[in-house]
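Examination of the molecular architecture
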Amino acid sequence: MRDIRIAAAQFEARDADKEYNLGRIEALARRAVEQGAEIVSFHECSITGYTFLQTLSRDALCALAEPVPGGPSTERLIGLSRALGAALLAGLVERDGDLLFNTYVAVSPEGFVAKHRKLHAFISPYLTSGSEYRVFDLCGIQASILTCYDNNLVENPRIVALLGAEVVFAPHVTCGLPSPMPGRGTIDKRLWDNRQRDPVPLRMEFTGPKGRGWLLRWLPARAYENGLYYVFTNAVGVDHDTIKTGGAMILDPFGEILVESSALGDDVVVGLCTPEKIELSGGRRYLRARRPELYAKLVEPLPEGQKPVTNPGWRLKSP
């Protein structure tokens, strides 16, 4: 790890409009680089759009998907990375033979660096869940990627920390969703449409339990308990039939927020990540205190006939 400035972005993506979304990625990346960022990260499926994927047939999803690396969107990201002199991370739908994945790709001025296939894919029955953790060098830091739901299982960040990760990029499309939890739920689109005239009601929704309030129940813990920097990115505004709350932020290994966006729209924040906090953090002490001989229960196979179920907690539409 070295001193490095990293950016977390948020923007209102358009469904299936790669040209527009890549244009926003370029504009926000340029803004971040002007503020000294060496790495700029964007949200889950930021190139393609996300929630609307649940409405697509397999043929339509295949038409949207691309190979990674080698596809046009990855190549465009590489070109932009070279032009800006900074690494970029963004999400799309990947096609690999007959399989489709929710994939997040990292590129640098040197070219393709790594990709992560979401371990717990659920938005479409045609998406296959990934099966690998990746820790890779990116601009002199040991980076890993966990996409949205992947971060809700405490085992995943713990494993990448044990594999040597120093920074976890955590792209999301979340918040403003139906939930049985008190105070959570969807956000009225009229508040978003009226945000310029009267921003207060929307800001209250974004910062309350439908958005930031829920994130702060668990997201700082992922950074703290593993001694990691966490780079949280999220969509903002209209995402298919929901309103997403943005809140792009970077958390340090103490679980403290280094930088955070409170914008009611497209934005990017840049934070300085430094190496000394990692070894000073409680999470790194806890990793050294582990007693794996007690943890056999964690790796027991599921009962015969039972398969893992990734349930988002809200009702998906049928494609």
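Everything below is about the structure shown above.
Below, the structure is looked at part by part. Just so we're clear, the structure is a prediction, and the values are computed from it rather than from any experiment.

Quick look at the side chain of T245
- By secondary structure assignment, the location of T245 is in strand β11 (residues 242–245).
- Residue classification places T245 among the buried residues on the basis of a relative accessible area of 5%.
- If near-sequence neighbours (up to four positions away) are discounted, T245 is found in contact with T174, C175, I187, F206, K210, G211, N234, A235 and V236.

Notes on the sheet that holds strand β5 (residues 111–117)
- On the basis of which strands lie adjacent, the open sheet formed by 6 strands has the order β5-β4-β3-β2-β1-β14 and mixed pairing. Because the sheet does not close on itself, it has two edges, and the strands there are β5 and β14 (267–273). Averaged over all pairs of adjacent strands, the angle between strand axes in this sheet comes to 30°, irrespective of strand direction.
- Of the pairings in the sheet, the one linking strand β1 (residues 4–10) to β14 comprises 7 bridges and is antiparallel in character. Looking at β14, one finds that I4 is bridged to C273.
- Across the sheet, helix α1 (residues 18–34) is in contact with β1, β2 (39–41), β3 (87–96) and β14; its angle to β14 comes to roughly 40°.
- Contacts from helix α3 (residues 72–84) reach β3, β4 (99–108) and β5 within the one sheet, and its direction differs from that of β4 by about 10°.

Considering the nonpolar core
- Within the largest apolar cluster, 25 residues are counted, with the highest numbers of intra-cluster contacts made by I25, V40, F42 and L77.
- No other element matches α1, which puts 5 residues into this core.
- With residues up to four places along the chain from it excluded, the contact list for L77 reads L22, I25, I47, L88, A90, V105 and V107.
- V167, F169, V269 and I278 belong to the second largest nonpolar core, which has 24 residues in total.

Quick look at the pairing of β4
- Counting buried residues in β4 gives 9 out of 10 residues, a clear majority hidden from the surface.
- Looking at chain direction, β3 and β4 are connected through 9 bridges and run antiparallel. From the neighbouring strand, L89 faces β4, where its bridge partner is A106.
- Counted along the chain from β3 to the antiparallel partner β4, the turn is 2 residues long, and its residue G97 has a positive phi close to 65°.

Examining the pairing of β11
- Of the two faces of β11, both are covered, the one formed by T242 and K244 as well as the one formed by I243 and T245.
- As defined by bridge partners, strand β10 (residues 236–239) adjoins β11 across 4 bridges and the pair is classed as antiparallel. Looking across to β11, one finds that V236 is bridged to T245.
- What sits between the antiparallel neighbours β10 and β11 is a turn of 2 residues, in which H240 has the positive phi angle 60°.

Considerations on the pattern of salt bridges
- Taken as a whole and assessed by the stated rule, the structure comprises 22 salt bridges.
- With a shortest N-O distance of 2.9 Å, R24 and D266 are connected by a salt bridge. Highlighted residues: R24 in helix α1 and D266 in the loop between β13 (257–260) and β14, separated in sequence by 242 residues.
- What makes D266 partly exposed here is its relative accessible area of 24%.
- The structure contains a network of salt bridges with shared partners spanning E94, D96, K115 and R117.

Regarding a nonpolar patch on the surface
- Together, L294, Y295, L298 and V299 line one region of the surface with nonpolar side chains, adding up to about 420 Å² of accessible area.
- Looking at where V299 falls in the secondary structure, it is placed in the segment after α9 (282–288).

What about the packing of aromatic side chains?
- Under the criterion given, the structure shown has 6 aromatic pairs.
- Arranged with centres 6.2 Å apart and planes meeting at 70°, the rings of F11 and F42 form a pair that is edge-to-face. Taken as a pair, F11 in the loop between β1 and α1 and F42 in the loop between β2 and α2 (58–64) lie far apart in primary sequence, 31 residues in all.
- According to the relative accessible area criterion, F42 is buried, its value standing at 1%.
- Plain terms: the ring middles of F122 and W314 are 6.2 Å apart, the flat faces sit at 80° to each other, and that makes the pair edge-to-face. Taken as a pair, F122 in the loop between β5 and β6 (135–138) and W314 in the segment after α9 lie far apart in primary sequence, 192 residues in all.
- Looking at F122, the relative accessible area reads 12%, which means it is buried.
- Classification of W314 by relative accessible area gives buried; the value is 14%.

Here's the deal with the packing of α1 against α3
- Interhelical geometry of α1 versus α3 gives an angle of 20° and a closest axis separation of 11 Å. Regarding the angle of α1 to α3, the classification is roughly parallel. Relative to α3, α1 is oriented so that their crossing is right-handed. From α1, K18, E19, L22, G23, I25, E26, A29, R30 and V33 reach across to α3, where they touch S73, R76, L77, L80 and L84.
- Tallied by class, the residues present in the contact of α1 with α3 amount to 7 nonpolar, 2 polar and 5 charged.

Reading the values: rules and limits
Residues numbered from 1 in each chain as written. Predicted model: local features only at pLDDT ≥ 70, side-chain atom pairs only at ≥ 80, totals over all residues. Heavy atoms only, no water. Helix = DSSP H or I, 4+ residues; strand = E, 2+ residues; numbered from the N terminus. Buried < 20%, exposed > 50% of the residue type's maximum accessible area, 1.4 Å probe, protein only. Contact = heavy atoms within 4.5 Å. Pairing = 2+ DSSP bridges. Axes fitted to C-alpha atoms, helices over the stretch in contact; angles between N-to-C directions. Core = buried A, V, L, I, M, F, W, Y, C linked by side-chain atoms within 4.5 Å. Salt bridge = Lys/Arg side-chain N within 4 Å of Asp/Glu carboxyl O. Patch = residues over 30% accessible without salt bridge, like charges linked within 9 Å, V, L, I, M, F, W, Y side chains within 5 Å. Areas by Shrake-Rupley, 256 points an atom, 1.4 Å probe, with all protein chains shown as cover. Phe/Tyr/Trp six-rings, centres within 6.5 Å; stacked < 30°, edge-to-face > 60°. Parallel < 35°, antiparallel > 145°, perpendicular 65-115°, else oblique. Left-handed = near helix turned anticlockwise from the far one by under 90°. Nonpolar A, V, L, I, M, F, W, Y, C, P; charged D, E, K, R; others polar.

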